[in-house]
Amino acid sequence: MTTVTLPTVPPPPPSLDGAGRRLPLPGRYTVAPGRSLTELTAWCGPLPVLRRRVTLGEASLTVLEDAENPSFRYEFDDHRLCAVLTSEQVDEVHGRLQLTGELDLGGTAFPVLMRLRVIERADDRLLVVGHARLPYRLLRRATGFRLPWHRPATRLRLLVAAEFA
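On a predicted model such as this, the values are computed, not experimentally measured, just so you know.

## Topic: the environment of Y74
Item 1. Counting through the fold element by element, Y74 comes out in strand β4 (residues 71-77).
Item 2. Sequence-distant contacts of Y74, that is, excluding residues within four places in its chain, are made with L56, E58, A59, A83, V84, L85, M114, L116, V128, V160 and F164.

See the structure below:
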């Protein structure tokens, strides 16, 4: 009986271009005017009862050298929604970015979980689409944010699409 030894193939070297990364190179990135879309939708059960575009005043992404915990910041500057969403922690879950942060409405911080899908990534830009679901009653009690009285709602969805460059 003879023993045959099969050749082993070494694993491929790590990519230098960062193809496996979900974030661009370290630095500060902002969203240019006209390169974002923000929408606020109020839902009552399975029905959308109000859908409005919201102006995104400023958005920024800061990636540090260690790339462990980047920070996102969205400033909504609209008469319907004047708030700031800041991330405290960014995780990668099932190939998506998950932001755990706070929505600051009138000086009151409300916890938010936003899931972002990375559409396109390069070394100097990032294109993402994401949404956050907010329980309307809790948001109204905590921050005083109100919809018109004739628009009943059980939850809100905040949709954000932005290109950081």
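## Digging into empty space enclosed by the protein
Item 1. The tally for this structure, following the rule as stated, stands at one cavity of 30 Å³ or more.
Item 2. L40, L81, L103, L134, L139, F145, L156 and L158 are the residues that line the largest cavity.

## Here's the deal with helix α1 (residues 136-143)
Item 1. Listed in full, the buried residues belonging to α1 are Y136, L139 and T143. Viewed end-on, α1 has its buried residues packed into an arc of 65 degrees, placing them on one side of the element. Structural note: α1 exposes R137 and R141 on the side pointing more than 90 degrees away from its buried face.
Item 2. Packed against the buried residues of α1 are β6 (96-105), β7 (108-122), β8 (125-135) and β9 (155-164).
Item 3. Looking one or two places after α1, you find G144, whose phi comes out positive at around 85 degrees.

## Section: the layout of surface pockets
Item 1. One number sums up the size of the second largest pocket: a volume of about 160 Å³.
Item 2. What lines the second largest pocket is a set of 14 residues, among which A32, P33, G34, S36 and L56 lie closest to the centre.
Item 3. Mapped onto the lining of the second largest pocket, the elements with two or more residues apiece are β1 (27-44) and β3 (56-63).
Item 4. The leading source of residues in the lining of the second largest pocket is β1, at eight residues.
Item 5. Grouping the constituent residues of the lining of the second largest pocket by class yields seven nonpolar, five polar and two charged.

## Some remarks on the pattern of salt bridges
Item 1. Applying the stated criterion across every chain, the model contains eight salt bridges.
Item 2. A salt bridge links R121 to D123; its shortest N-O distance comes to 3.7 Å.
Item 3. For R121, a relative accessible area of 21% gives the class partly exposed.
Item 4. We note a salt bridge from R125 to E163, for which the minimum N-O separation is 2.3 Å. Residue R125 is located in strand β8, and its partner E163 is located in strand β9; the two are separated by 38 residues in the primary sequence.
Item 5. Residue classification places E163 among the buried positions, given a relative accessible area of 11%.
Item 6. Among the charged side chains, a salt-bridge network with shared partners connects R35, E120, R125 and E163.

Reading the values: rules and limits
- Residues numbered from 1 in each chain as written.
- Predicted model: local features only at pLDDT ≥ 70, side-chain atom pairs only at ≥ 80, totals over all residues.
- Heavy atoms only, no water.
- Helix = DSSP H or I, 4+ residues; strand = E, 2+ residues; numbered from the N terminus.
- Contact = heavy atoms within 4.5 Å.
- 1 Å grid on protein atoms, 1.4 Å probe; cavity = no way out; pocket = protein on both sides within 12 Å on 5 of 7 lines; lining within 4 Å.
- Points joined across faces, edges and corners; volume = space filled by probe spheres on them.
- Buried < 20%, exposed > 50% of the residue type's maximum accessible area, 1.4 Å probe, protein only.
- Arc of directions from axis to C-beta.
- Nonpolar A, V, L, I, M, F, W, Y, C, P; charged D, E, K, R; others polar.
- Salt bridge = Lys/Arg side-chain N within 4 Å of Asp/Glu carboxyl O.

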